[in-house]
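Here is what each chain is made of, one letter per residue.
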Amino acid sequence: MSSVAHGANHESLAASKTWRALLHVPVGTRQSEIETAAFFLAENGATQPLAELQATVSTFAQQPEQMCRYPARAAWLQQKGVISNFDPQQCTVLQKWLNGQAADQVSVIFADGFLDNPASFYGHMLIRVGDRTADDTQKLLANSFNFGARVPDDENPVVYITKGLFGGYQAAFSTSHYYRYDINYAEAELRDLWSYDLATNAQQSQLLIWHLWELLETDYTYFFSSRNCAYHMARALELVTDQTLVARGDPFVLPADIIKRLSMATIDGQPAVQKRRLQPSRLHRFQQKWQQLQDAEQALAVAWLQSPQPATLATTESTSQLRVIAALTDFYAYRLSQEHNDPELKQRLEAEKTTLLRARMLMPMGNNPQWQQREGSAPETGQEPSMLRVGWQQSDLNDSHENALTLSFRPAYYDVLQRQQGRLENATLTMAEMGVSLTEQELKLEHAWLLRLHTLNYSATGMPGDGGASWGLNLGWQRDRLRQTVDDLSPQLLGSYGKAFKAGDAHWFDAALRAELRDPSVELGAVVLSPQLTWLADWSGARSQCRTRYEWDTAQRLDKQWFIGCEIAFHLGKNQDFRLSLAHQNASTLALSWSWYW
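Here the structure is a predicted model, which means the values were calculated and not measured.

S.K.: Any chance you could explain the state of the cysteines here in plain terms?
M.R.: Joining two cysteines, a disulfide is a covalent bond between their sulfur atoms. Applying the stated criterion across every chain yields a total of two disulfides. In this model, Cys68 is linked to Cys91 through a disulfide, with the two sulfur atoms separated by 2.1 Å. Across the S-S bond linking Cys68 and Cys91, the dihedral sits near -80°, which makes this disulfide left-handed. Within this pair, whereas Cys68 is found in the loop between helix H3 (49–62) and helix H4 (71–79), its partner Cys91 is found in the loop between strand E2 (83–84) and helix H5 (92–98), the two being separated by 23 residues in sequence. Considered together, Cys68 and Cys91 belong to a single accessibility category, that of buried residues. Here Cys546 is linked by a disulfide to Cys566, with a sulfur-sulfur distance of 2.1 Å.

S.K.: How should the sheet that holds strand E7 (residues 193–198) be read in this particular structure?
M.R.: Two modes of strand pairing occur in sheets, parallel and antiparallel, and in both the strands are linked by backbone hydrogen bonds. Read across the sheet, seven strands follow the order E8-E6-E5-E4-E3-E7-E11 without closing on themselves; strand pairing throughout is antiparallel. Two strands close off the open sheet at either side, each with one partner strand: strand E8 (219–222) and strand E11 (273–279). Direction aside, the axes of adjacent strands within the sheet are offset by 30° on average. Alignment of strand E4 (residues 124–130) against strand E5 (residues 143–149), held across two bridges, turns out to be antiparallel. Of the residues in E5, the one forming a bridge with Ile127 is Phe145.

S.K.: What am I meant to see in helix H9 (residues 202–214) here?
M.R.: One turn of the α-helix equals 3.6 residues, which is why residues spaced by three or four share an orientation. End to end, H9 covers 18 Å across 13 residues, agreeing with the expected 18 Å (1.5 Å per residue, within 8%). Most of H9 is tucked away, with ten of its 13 residues classed as buried. Listed in full, the buried residues belonging to H9 are Gln204, Ser205, Leu207, Leu208, Ile209, Trp210, His211, Leu212, Trp213 and Glu214. With a side-chain oxygen lying 3.1 Å from the backbone nitrogen of Gln203, the N-terminal cap of H9 falls on Asn201.

S.K.: Could you clarify how one ought to interpret the packing of helix H10 (residues 229–237) against helix H11 (residues 255–264) in this entry?
M.R.: When two helices pack together, you describe them by how their axes are tilted relative to each other and by the distance separating the axes. In contact at an axis separation of 8 Å, H10 and H11 are set at 25° when each is read in the N-to-C sense. Classed by the angle they form, the pair H10 and H11 counts as roughly parallel. Crossing of H10 against H11: the hand is right-handed. Across the interface between the two elements, Cys229, Ala230, Ala234 and Leu237 of H10 pack against Pro255, Ile258 and Leu262 of H11. Considering only residue class, the contact of H10 with H11 consists of seven nonpolar, no polar and no charged.

S.K.: Before we go on, may I ask you to explain the packing of aromatic side chains in this structure?
M.R.: Two aromatic rings are characterised by how far apart their centres lie and by the angle between their planes. Per the counting criterion, the structure on display carries 24 aromatic pairs. Seen in terms of ring centroids, Tyr181 and Tyr185 are 6.5 Å apart; in terms of plane orientation they differ by 15°. Their pairing is stacked. Remark: Tyr185 and Tyr181 occur in helix H8 (residues 178–188); sequence separation between them is four residues, near one turn of the helix. The class for Tyr185 is buried, based on a relative accessible area of 8%. Between Phe286 and Phe331 the ring centres are 5.7 Å apart and the planes differ by 55°, which places this aromatic pair in the tilted class. Of this pair, Phe286 sits in helix H12 (residues 282–292) while Phe331 sits in helix H15 (residues 318–338); the two residues are 45 residues apart in sequence, bridging distant segments of the chain. Of the two residues, Phe286 and Phe331, both sit in the buried class. In this structure, Arg73 packs its charged tip against the face of Phe39, placed 5.1 Å from the ring centre. Geometry around Phe563 places Arg549 over its ring, the cationic atom sitting 4.0 Å from the centre.

S.K.: Explain H12 to me, please; I cannot follow it from the model alone.
M.R.: With eight of its eleven residues buried, H12 lies for the most part within the structure. Within H12, burial applies to Leu283, His284, Phe286, Gln287, Gln288, Lys289, Trp290 and Gln292. On its buried face, H12 sits against E11, helix H13 (295–306) and H15.

S.K.: What exactly am I supposed to notice about the packing of H13 against H15 here?
M.R.: Running from N to C, H13 and H15 cross one another at 55°; their axes reach a closest spacing of 10 Å. In terms of orientation, H13 and H15 fall into the oblique class. In this structure, the crossing between H13 and H15 has a hand that is right-handed. Contacts between H13 and H15 involve Glu297, Leu300, Ala301, Trp304 and Leu305 from the former and Ser320, Arg323, Val324, Leu328, Phe331 and Tyr332 from the latter. By residue class, the composition of the contact of H13 with H15 is eight nonpolar, one polar and two charged.

S.K.: Even after reading the chapter, I still don't get the pattern of salt bridges, so can you show me in this structure?
M.R.: Should their charged atoms come close, side chains of opposite charge can pair. Considering all chains together, one arrives at 36 salt bridges under this definition. Between Glu442 and Lys444 there is a salt bridge whose closest N-O contact spans 3.5 Å. Of the residues examined, Lys444 reaches a relative accessible area of 13% and is grouped as buried. Taking the shortest distance from any N to any O, the salt bridge between Glu551 and Arg549 comes out at 2.8 Å.

S.K.: What is the right way to read the pairing of E7 from this model?
M.R.: Each regular strand shows side chains that alternate between the opposite faces of the sheet. Of all the six residues making up E7, six are buried; the element is thus mostly covered by neighbouring parts of the structure. Side chains Leu193, Ser195 and Asp197 project from E7 onto one buried face, and the interleaved Trp194, Tyr196 and Leu198 project onto a second face that is buried too. In this sheet, E11 lies alongside E7 in antiparallel orientation, the contact comprising six bridges. Looking at E11, one finds that Trp194 is bridged to Leu278.

S.K.: Help me understand the side chain of Thr428, please; the structure alone is not making it clear to me.
M.R.: For Thr428, the position within the fold is in strand E15 (residues 427–438). Taking relative accessible area as the criterion, Thr428 reaches 10% and is therefore assigned buried. A polar side-chain atom of Thr428 sits 3.0 Å from the main-chain amide nitrogen of Val416. Those residues in contact with Thr428 that lie beyond four places of it in its chain are Tyr414, Asp415, Val416, Arg452, Leu453 and His454.

Calculation criteria
Residues numbered from 1 in each chain as written. Predicted model: local features only at pLDDT ≥ 70, side-chain atom pairs only at ≥ 80, totals over all residues. Heavy atoms only, no water. Disulfide = S-S within 2.5 Å. Helix = DSSP H or I, 4+ residues; strand = E, 2+ residues; numbered from the N terminus. Buried < 20%, exposed > 50% of the residue type's maximum accessible area, 1.4 Å probe, protein only. Pairing = 2+ DSSP bridges. Axes fitted to C-alpha atoms, helices over the stretch in contact; angles between N-to-C directions. Expected span 1.5 Å × (residues − 1). Polar contact = N/O pair within 3.5 Å; in protein donor to acceptor, adjacent residues only side chain to side chain. Parallel < 35°, antiparallel > 145°, perpendicular 65-115°, else oblique. Left-handed = near helix turned anticlockwise from the far one by under 90°. Contact = heavy atoms within 4.5 Å. Nonpolar A, V, L, I, M, F, W, Y, C, P; charged D, E, K, R; others polar. Phe/Tyr/Trp six-rings, centres within 6.5 Å; stacked < 30°, edge-to-face > 60°. Lys NZ or Arg CZ within 6 Å of the ring centre and 35° of its normal. Salt bridge = Lys/Arg side-chain N within 4 Å of Asp/Glu carboxyl O.

The structure is reproduced here in C-alpha cells:
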C-alpha cells in the first residue's frame, strides 16, 4: 500500500504547524497534550516531533496497514511527497464508519447552555462530518464527534462539580450519528443548536475528519472550565485554521468563546465560517409560533387543552384552525419529550396529540400556515467573557461615611445586567470573581465568588411545561457591610428557588425563597431564610434589577430584617458599561463603577 519517498526534508516537516497540530503540540511548547502513550510511534514522540515523524514514516514503510490507524498523518505525508500509495478506500474500519458518506465538509455545532445540568452551563460543542450534497434528513445520519468526561451515571452533583473543577475525571473523544445528539440536545433538553459550516475544501475536510478519527483512542484529564470539549475541539480545528484558537495557558476556555474565535478566524485567508444556521429546539419552535398567533387563536389553543376534541376547533374558520393545530403539534412534541416520570400524563398527552392530528387529517390538504423564522442572537455576538471593573463605593457603617476605590476582576462569564446578545437570557453565570476596596487606611478583599448561578426561566407562553421556575446558587466569600457593625468577610453558600414571569415586553418578576448558610457572628446566625422579590427591567440602552426581601435569622440575632437594593447598568458600546447601585438594610451602600469586557 505504501512506499517511502526519499530526499524529503523531515526536519522542516516536523517543525511545521500541521505536523505539530497532528501531534497536539501547542505553539511555543515541546510537550503534546495527548496523554495516551500508545498514540505515539516513537518512545519520545510526545516531546520530539521529529522523532515521531521519522518513526511514522518508518512504520508506514514496514507496516503499511498502520496508515489506516493514522489516516490524517498518512494523507498529509503523501501530500508532502514523503510516502506514496496511501488509499483510504482500503481502510476497512474507516470506510465502514463512513458508511458511504463523501465526508467532504465539516460543521461545528454549538448547543446553547443548559442550566439543569452542571456539565452544560456554558454550552457544548460537537463536530459533524458532512456531505456537501446532503439534505437535512441525510445530515441527521451523518457521523459526529463529541468530547466529554467519563462520569458514572449515578454521580452525586456536588462530587461531579468538585471533580470536574479539579481534574478528577478522564475524558475522551467519541463518535455517533448526529441524530443522537439532535435528540438529546434539541429534543430532550430543549436547547437550540447553531451549525457553523467551515470553509474547508474537500482535502482539508478529510484531513480534519481523519485526524478526529485518530483521536478516538486518546485520553485526557478533564477540567470543567478549561480542558473541556471546547478546548480539545479547538485544538483539532487548528489543523485547518490559519490562526490558533486557544492558548495553552488560558484558565477558562468556553464553547461560546471558541465559536467567536472561529467566526473571526480564516482558512487559507478566507473567513473560516462559510455558513451559519440555527436549528431551534422543540420549545423554541413552539414559542415562535405561539407569539405569531392572534389573541383569539391563543385562546382557542388554551380551550383545546381544556377540551381536546374536534368540536373545540370547529368554533373558528379553517385558517385559524390550521395555525392553532400547527402550534399545538409543537406544544405536544416538547411536552412529550419532557415527561419521563409520569406515564399516566404521558399517555394522556399522546392521546390528545393523536386526536389533534386526526382533526388535521379531516381538513383539506395544503394551505399550511406560513411562519416567520426569527433567528435571535448567535453565540459569537455576546460580550467578551473576562471583566475588569473599577469604581467608587461609600458605606455608612457605624454612622461613619467610608469612601473607597474598588476594583473587581472576573475571568468568566456574564451577569444578568450585561447585554443579552449571544447568551442565556436573564441569567448570571460567573466563576472566580474577586473584588477589593482601597481606603486611606487599608486594602480589603470585598468578595471572592467561586461560583454564581442564577436564571429567570420564565414562561414565554404561559402554557404548561414552558419555564416558569427560577433558581440560583452562590458559593464564596463576601464582606457584610449591610447587616453588622463589623464588616467581616464571611464564607457563604446561597441558594434560591422560585417562580418567574414576564410582565410586558421588557419587565420580569421573580418571587423566590432564599436560604443563606454563613459563618455565624454575635450579630448574625449561621442560617438566614427569606422570601425575596426581584424586578428585572430593560430600558433604552440599559438594564436594571431591584430586589427586596425579609430576612429571618434562625438565631434571632439580626437587628433589621428588611433589605432593599437596586442596580442599573448603562451599556456603553459592545464591551463597556457604567453602573450605579444602592442597597440598604442596617447600613447603606452607594457604588459607581465602569466595566470593561475583553
